[in-house]
Amino acid sequence: MVKKYSDCFYCGGAVEEQFNPREFRWKSRLFIFEDVPMGVCTQCGEKVLKPEVAKAIDRILQEEKKPTKTIKVPVYQYESDVV
């Protein structure tokens, strides 16, 4: 079922539903959710979650459900050679 979204809050462009990955930080940890239904502005790319989607993700994190999979993520320290 495709959800309806209002026009983009930032630019006024049309917002269409897509299913994309979304990262969340919770209790100083990084979590990735795949296939999250979200509205994406076709003009500026701004993303918005419906309240029920955000609440469902909060519930999963609070209940500490077992993840579908776990991945390793490389972390780099940014070093600028500009002086």
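Right above here is the structure, for reference.
As a starting point, this report considers the structure included with it. Since we're looking at a predicted model, the values are computed, not measured.

About the thresholds
- Residues numbered from 1 in each chain as written.
- Predicted model: local features only at pLDDT ≥ 70, side-chain atom pairs only at ≥ 80, totals over all residues.
- Heavy atoms only, no water.
- Helix = DSSP H or I, 4+ residues; strand = E, 2+ residues; numbered from the N terminus.
- Rg over C-alpha atoms; globule rule 2.2 N^0.38 Å.
- Buried < 20%, exposed > 50% of the residue type's maximum accessible area, 1.4 Å probe, protein only.
- Contact = heavy atoms within 4.5 Å.
- Lys, Arg positive; Asp, Glu negative; His and termini not counted.
- Charge placed at Lys NZ, Arg CZ, Asp CG, Glu CD.
- Pairing = 2+ DSSP bridges.

## Observations regarding the overall build of the protein
Moving on, step 1. The secondary structure content of the protein amounts to 1 helix and 3 strands.
Moving on, step 2. Tracing the protein from N to C terminus, the helices and strands come up as β-β-β-α.
Moving on, step 3. For a compact globule of 83 residues, the expected C-alpha radius of gyration is about 12 Å, and the protein comes in at 16 Å, more than 25% above that figure.
Moving on, step 4. C-alpha extents for the protein along the principal axes are approximately 45 × 40 × 20 Å.
Moving on, step 5. Going through the 83 residues of the protein one by one, you find that 23% of them count as buried.
Moving on, step 6. A sequence separation of at least 24 residues applies to 42% of the contacts in the protein between residues at least 6 apart.
Moving on, step 7. Placing the 14 positive and 13 negative side-chain charges of the protein at their respective mean positions leaves the two points 7 Å apart.

## Focus: the pairing of strand β2 (residues 29-41)
Working note: regular strand, side chains alternate between the two faces of the sheet.
Moving on, step 1. Two strands pair when backbone bridges link them, and strand β1 (residues 15-26) and β2 are joined in this way by 11 bridges, in the antiparallel orientation. Bridged to Glu 23 within β2 is Ile 32.
Moving on, step 2. Taking the residues that link successive antiparallel strands as the turn, the β1-β2 hairpin has 2 residues, and the phi of Lys 27 there is positive, at about 50°.
Moving on, step 3. Alignment of β2 against strand β3 (residues 47-48), held across 2 bridges, turns out to be antiparallel. Looking at the pairing, Gly 39 lines up with Val 48 of β3.
Moving on, step 4. Where β2 folds back onto β3 in an antiparallel hairpin, the turn is made up of 5 residues, including Gly 45, whose phi is positive at roughly 85°.

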